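What follows is each chain in one-letter form.
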Amino acid sequence: MANEEKKRFNKASLVEVVQKNMGKDTTKALAEKSVDAVINGLKTGVLKNGIVQLIGFGTFRVITRKARMGVNPKTGEKIKIKASKTVRFSPGKELKEKL
């Protein structure tokens, strides 16, 4: 399990990469502020427009999941799952080719 956590790329990892890419004069605080600004921009775009497209990277799109029947794994009891909205990411051509 500890080995899996080393492979995980999280916000702190992203801040480090951004800091390196911005140059040696960039502080960690400035890099984190930049990452936060991008994340907030993505949130705003998705909430306002329902879609954010970043050419070369991918598209974030709001989708609606239909109501459906499910099963409680503990009891085996059938349960009704309400319709809900979520965000789906589709990688762009450039990113998809690198995977």
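Residues numbered from 1 in each chain as written. Predicted model: local features only at pLDDT ≥ 70, side-chain atom pairs only at ≥ 80, totals over all residues. Heavy atoms only, no water.

**Focus: the domain arrangement of the protein chain**
And then number 1: In terms of domain boundaries, the protein chain breaks down into domain 1 (11–49) and domain 2 (50–98).
And then number 2: Relative to domain 2, the C-alpha centre of domain 1 lies at a distance of 24 Å.
And then number 3: Each partner contributes residues to the interface: domain 1 has five residues there, and domain 2 has seven residues.
And then number 4: In total, about 460 Å² of surface goes out of reach between domain 1 and domain 2, with carbon and sulfur atoms giving 76% of it.
And then number 5: Scanning the region where domain 1 abuts domain 2 turns up zero salt bridges.
And then number 6: Counting the contacts that link domain 1 with domain 2 gives two residue pairs in polar contact (both at pLDDT 80 or more).
And then number 7: Taken together, the residues of the side of domain 1 that touches domain 2 break down into two nonpolar, two polar and one charged. (Domains from an automatic or database assignment. Contact = heavy atoms within 4.5 Å. Buried area = accessible area lost by both parts, 1.4 Å probe. Salt bridge = Lys/Arg side-chain N within 4 Å of Asp/Glu carboxyl O. Polar contact = N/O pair within 3.5 Å; in protein donor to acceptor, adjacent residues only side chain to side chain. Nonpolar A, V, L, I, M, F, W, Y, C, P; charged D, E, K, R; others polar.)

**Description of the side chain of Thr 26**
And then number 1: Secondary-structure assignment places Thr 26 in the loop between α2 (11–22) and α3 (28–49).
And then number 2: Judged by relative accessible area, which is 9%, Thr 26 ranks as buried. (Helix = DSSP H or I, 4+ residues; strand = E, 2+ residues; numbered from the N terminus. Buried < 20%, exposed > 50% of the residue type's maximum accessible area, 1.4 Å probe, protein only.)

**Remarks on α3**
And then number 1: Taking 1.5 Å as the rise per residue, α3 with 22 residues should run 32 Å; its terminal C-alpha atoms sit 31 Å apart, in good agreement.
And then number 2: Among all positions of α3, only Ala 31, Val 35, Gly 45 and Val 46 are buried. The buried residues of α3 all sit within an arc of 100° when viewed along its axis, so they share a single face. Residues of α3 that are exposed and angled more than 90 degrees away from the buried face: Ala 29, Lys 33, Leu 47 and Lys 48.
And then number 3: In this structure, the buried residues of α3 make contact with α2, β1 (51–54), β2 (58–65) and β5 (84–91).
And then number 4: Taken from the residues just after α3, Gly 50 is the one with a positive phi, measuring 80°. (Expected span 1.5 Å × (residues − 1). Arc of directions from axis to C-beta.)

**Digging into the sheet that holds β5**
Across a sheet, paired strands are connected by hydrogen bonds in the backbone, their directions being either parallel or antiparallel.
And then number 1: Pairing in this open sheet of three strands is antiparallel, and the strands run β1-β2-β5 from one edge to the other. The open sheet has two edge strands with one neighbour each: β1 and β5. Strand after strand, the sheet turns through a mean of 25° between neighbouring axes, direction not considered.
And then number 2: Here β2 runs beside β5; their pairing, made up of eight bridges, is antiparallel. Of the residues in β5, the one forming a bridge with Arg 61 is Arg 88.
And then number 3: Of the strands in this sheet, β1, β2 and β5 are in contact with α3, which crosses β1 at around 130°. (Pairing = 2+ DSSP bridges. Axes fitted to C-alpha atoms, helices over the stretch in contact; angles between N-to-C directions.)

**Digging into the environment of Lys 85**
And then number 1: Assignment of secondary structure puts Lys 85 in strand β5.
And then number 2: Distance in space between the C-alpha atoms of Lys 85 and Phe 60 is 13 Å, their sequence separation being 25 residues.
And then number 3: When residues no more than four places from it in sequence are discounted, the contact partners of Lys 85 are Val 62, Ile 63 and Thr 64.

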